[in-house]
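Spelled out, the chains give:
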Amino acid sequence: QVQLVESGGGLVQAGGSLRLSCAASGSRFSVSTMTWHRQAPGKQRELVAAISTGGTTKYADSVKGRFTISRDNAKNTVYLQMDSLKPEDTAVYYCNADILVVGKISTYDYWGQGTQVTVSS
């Protein structure tokens, strides 16, 4: 049993910053790729950023240069630093992790509960 706990969402004015955190907890598991997705009302969920165990990152074009994903492997935690926020960044942000549970062959996708980010104009 593994769970992802997110924090850091909130309301911010355009141009402001927020830092999201997501920590995996449980036992007998290892975490590989971790990602952030977001979903606005009436829109499809989209990948925002991803980071591998080794630190390789990728970003959606819409957030390049403004968002930074990072991780602390010792803490099984991924972060998303969001700067220069725009109203169009408003969405529920979901943490996702590919997790290998001890005794299993393949990884399984775990999702956080989602955290609301609202950017006012």
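Look up a bit, the structure's there.
Residues numbered from 1 in each chain as written. Predicted model: local features only at pLDDT ≥ 70, side-chain atom pairs only at ≥ 80, totals over all residues. Heavy atoms only, no water.

Right, let's talk about the overall build of the protein for a bit. In terms of helices and strands, the protein carries zero helices and eleven strands. When the elements of the protein are put in sequence order from the N terminus, they spell out β-β-β-β-β-β-β-β-β-β-β. Summarising its shape, the C-alpha atoms of the protein cover approximately 50 × 25 × 20 Å along the three principal directions. A total of 121 residues make up the protein; the buried ones form 41% of that total. Within the protein, counting contacts between residues at least 6 apart in sequence, those at least 24 apart form 54% of the total. Just so you have it, the protein exposes about 6500 Å², and 49% of that area is on carbon and sulfur atoms. When the 12 positive and 9 negative side-chain charges of the protein are each reduced to one mean point, those points stand 4 Å apart. (Helix = DSSP H or I, 4+ residues; strand = E, 2+ residues; numbered from the N terminus. Buried < 20%, exposed > 50% of the residue type's maximum accessible area, 1.4 Å probe, protein only. Contact = heavy atoms within 4.5 Å. Areas by Shrake-Rupley, 256 points an atom, 1.4 Å probe, with all protein chains shown as cover. Lys, Arg positive; Asp, Glu negative; His and termini not counted. Charge placed at Lys NZ, Arg CZ, Asp CG, Glu CD.)

Our next topic: the side chain of Glu6. Relative to the elements of secondary structure, Glu6 occurs in strand E1 (residues 2-7). The charged side chain of Glu6 is buried without a salt bridge, its nearest counter-charge being Arg45 at 8.1 Å. Only 2.8 Å separates the side chain of Glu6 from the backbone nitrogen of Cys95, close enough to count as a polar contact. A distance of 3.3 Å separates a polar atom in the side chain of Glu6 from the backbone nitrogen of Thr115. Once residues lying within four places of it in the same chain are set aside, the contact partners of Glu6 are Ser21, Cys22, Trp36, Tyr93, Tyr94, Cys95, Gly112, Gln113, Gly114 and Thr115. (Salt bridge = Lys/Arg side-chain N within 4 Å of Asp/Glu carboxyl O. Polar contact = N/O pair within 3.5 Å; in protein donor to acceptor, adjacent residues only side chain to side chain.)

Moving on: the side chain of Arg71. Along the polypeptide, Arg71 turns up in strand E7 (residues 67-72). Lacking a salt bridge, the buried Arg71 has Asp72 as its closest oppositely charged neighbour, with an N-O distance of 8.1 Å. Looking at Arg71, its side chain comes within polar contact range of the main-chain oxygen of Ile51, at 3.2 Å. Polar side-chain contacts of Arg71 include one of 2.6 Å to the side chain of Asn73. With residues near it in sequence (within four places) discarded, Arg71 still touches Val31, Ser32, Thr33, Met34, Ile51, Ser52, Thr53, Thr77, Val78 and Tyr79.

Moving on to the pattern of salt bridges. Taken as a whole and assessed by the stated rule, the structure comprises four salt bridges. Taking the shortest distance from any N to any O, the salt bridge between Arg38 and Asp89 comes out at 2.9 Å. Note that Arg38 is positioned in strand E4 (residues 29-39) and Asp89 in the loop between strand E8 (77-82) and strand E9 (91-101), a separation of 51 residues in sequence. Taking the shortest distance from any N to any O, the salt bridge between Asp61 and Lys64 comes out at 3.0 Å. Here the two residues Asp61 and Lys64 agree in accessibility, since each one is exposed. In the salt-bridge network here, residues are joined through shared partners; they are Arg38, Glu46, Arg66 and Asp89.

Per the stated rule, a full pass over the model turns up one disulfide. Bridging Cys22 to Cys95, the disulfide has an S-S length of 2.1 Å. For the disulfide bridge between Cys22 and Cys95, the dihedral angle about the S-S bond is near -80°, and by the sign convention the bridge is left-handed. Separated by 73 residues along the polypeptide, Cys22 in strand E3 (residues 18-26) and Cys95 in strand E9 bring together distant segments of the chain. (Disulfide = S-S within 2.5 Å.)

What follows is about the sheet that holds E3. Ordered by their spatial adjacency, four strands build an open sheet running E1-E3-E8-E7, and the pairing between neighbours is antiparallel. Of all the strands in the sheet, just E1 and E7 have a single pairing partner and so form its edges. Geometrically, the sheet is characterised by an average inter-axis angle of 15° between neighbouring strands, direction not taken into account. With six bridges joining them, E7 and E8 adopt antiparallel strand pairing. Residue Arg71 lies in a different strand from E8, and its bridge partner there is Val78. (Pairing = 2+ DSSP bridges. Axes fitted to C-alpha atoms, helices over the stretch in contact; angles between N-to-C directions.)

This is a description of form; function is not addressed.
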